[in-house]
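Notes for the structure review
Given next are the chains, with one letter for each unit.
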Amino acid sequence: MSNKLFTTASLAALIAAAAFATPASAQSLFAFMAPPAQTQAAPQPQAVDPAPGQDDATDTDASLAGRLQRQVVNYPTREAPGTIIVDTPHTFLYLVLGGGKAMRYGIGVGREGYTWAGVKNVARKAEWPDWYPPSEMIRRQPYLPRMVAGGPGNPLGARAMYIGGTEYRIHGTNDPSSIGKFMSSGCIRLLNADVEDLYSRVQVGAKVIVLPMAANPTREAAKPDTTQVASYAPAPQSRAARAWNGTRPSGLY
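So, how was this worked out
Residues numbered from 1 in each chain as written. Predicted model: local features only at pLDDT ≥ 70, side-chain atom pairs only at ≥ 80, totals over all residues. Heavy atoms only, no water. Helix = DSSP H or I, 4+ residues; strand = E, 2+ residues; numbered from the N terminus. Contact = heavy atoms within 4.5 Å. Buried < 20%, exposed > 50% of the residue type's maximum accessible area, 1.4 Å probe, protein only. Core = buried A, V, L, I, M, F, W, Y, C linked by side-chain atoms within 4.5 Å. Pairing = 2+ DSSP bridges. Salt bridge = Lys/Arg side-chain N within 4 Å of Asp/Glu carboxyl O. pLDDT = per-residue confidence, 0-100.

1. Considering the side chain of Thr-91
- For Thr-91, the location among the structural elements is in the loop between strand E2 (84–87) and strand E3 (92–98).
- Every residue in contact with Thr-91, bar those within four places of it in the chain, is listed here: Arg-67, Leu-68, Tyr-105, Gly-106, Ile-107, Val-109, Gly-180, Lys-181 and Phe-182.

2. What about the environment of Gln-71?
- Looking at the secondary structure, you find Gln-71 in strand E1 (residues 71–74).
- For Gln-71, a relative accessible area of 28% translates into the label partly exposed.
- Spatially, the C-alpha atoms of Gln-71 and Ala-102 are 8.4 Å apart, while their sequence positions differ by 31 residues.
- Not counting chain neighbours up to four residues away, the residues in contact with Gln-71 comprise Gly-66, Ala-102, Met-103 and Arg-104.

3. Some remarks on the nonpolar core
- The biggest cluster of nonpolar side chains holds 25 residues, and the ones touching the most others in it are Ile-84, Leu-93, Met-161, Ile-170, Ile-188, Leu-198 and Val-202.
- Taken together, the elements giving at least two residues each to this core come down to E2, E3, strand E4 (101–106), strand E7 (159–163), strand E10 (188–191), helix H4 (192–201) and strand E11 (207–210).
- The element that contributes the greatest number of residues to this core is H4, accounting for three residues.
- Ignoring sequence-local partners within four residues, the contact set of Ile-84 consists of Leu-93, Tyr-94, Leu-95, Val-122, Ile-170, Val-202, Lys-207, Val-208 and Ile-209.
- By size, the runner-up hydrophobic cluster in this structure holds 13 residues, among which are Phe-92, Tyr-94, Ala-102 and Ile-209.

4. What to know about the pairing of E11
- By the bridge criterion, three bridges tie E2 to E11 in an arrangement that is parallel. Note on E11: the bridge partner recorded for Val-86 is Val-210.

5. Digging into the environment of Arg-67
- By the element assignment, Arg-67 lies in the loop between helix H2 (23–29) and E1.
- Classification of Arg-67 by relative accessible area gives partly exposed; the value is 32%.

6. Description of the pairing of E7
- Here E7 lies mainly inside the structure; five of its five residues are buried.
- Burial along E7 is two-sided: the face carrying Arg-159, Met-161 and Ile-163 and the face carrying Ala-160 and Tyr-162 are both buried.
- Here five bridges tie strand E6 (residues 118–127) to E7, and the two strands are oriented antiparallel to one another. Paired with Arg-124 across the bridge in E7 is Tyr-162.
- Counting the residues that bridge the hairpin from E7 to strand E8 (residues 169–173) gives five residues, and of these Gly-165 lies at a positive phi of roughly 75°.

7. Quick notes on the pattern of salt bridges
- The full count for this structure, using the stated rule, is four salt bridges.
- As a salt-bridge pair, Arg-70 and Asp-194 come within 2.6 Å of each other at their nearest N and O atoms. With Arg-70 in the loop between H2 and E1 and Asp-194 in helix H4, this pair connects stretches of sequence that are 124 residues apart.
- Residue classification places Asp-194 among the buried residues on the basis of a relative accessible area of 3%.
- Arg-70 is the salt-bridge partner of Asp-197, the closest N and O atoms lying 3.9 Å from each other. Of this pair, Asp-197 sits in helix H4 while Arg-70 sits in the loop between H2 and E1; the two residues are 127 residues apart in sequence, bridging distant segments of the chain.

8. Here we look at unusual backbone geometry
- In this structure, Thr-91 takes a positive phi of about 55° despite not being glycine.
- The class for Thr-91 is buried, based on a relative accessible area of 2%.
- The phi torsion at Trp-128 lies on the positive side, around 45°, for a residue other than glycine.
- Relative to the helices and strands, Trp-128 resides in the loop between E6 and helix H3 (135–140).
- You can call Trp-128 partly exposed: its relative accessible area is 35%.

9. Some points on the confidence of the model for the protein
- With 60% of its residues at a pLDDT of 70 or more, the protein shows a mean pLDDT of 73.
- Note on residues 39–59: pLDDT under 50 across the span, and four contacts to partners over four residues away in sequence or across chains.
- Here residues 215–252 scores under 50 on pLDDT; set against residues more than four positions off or in separate chains, the count is 58 contacts.

Spelled out as structure tokens, the structure:
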């Protein structure tokens, strides 16, 4: 009973106070009796599918320098569309499209003593290829596995195009930081997204032209005169070069 009387008395006191208060003050006096305000969560952004022809965000590597990212460039040449031209000193691979255009990819190439040049063809293609380290490499690094099954952890990456008459491949890599560098054992490596794109465009039998190393590969130089590529053939090797190439370790990837 006492609690009820206290509540009634308290309410009467509030009413009396409100009679002498301004409208704003009276509203604050009775704020405790108002129902709680209804809140509404802000709408969440929804994922938007890429527009037709637009690359998925995972298709590129934002950390890669702009010049090394896949792009269509002007590239006058007498070579037929579908020809692959590897510009070793500038770490670019060009796929001739025709009409004075080419698709250009950033690549990683052989370190000092492991570069090569010549005119070859794509002998075969493979998706998620297995890797078998060469016997020479196993002798130098006996801890290497004898086989690595195809997959994300494989050093050959998502795709490989085997260059006929050689031990080399054009392949993907699980190490994007190697693009634009001279650190392979002679193979030509691309980002996995790029090698998948190249793989889809290249046919078995496609011509592969690998240009020789320049005197100063670390300096950014002008694009080579591609009008002379059609007649390119590797220069005869010296006796010392033939001896080195006959005894050097086999390429890894």
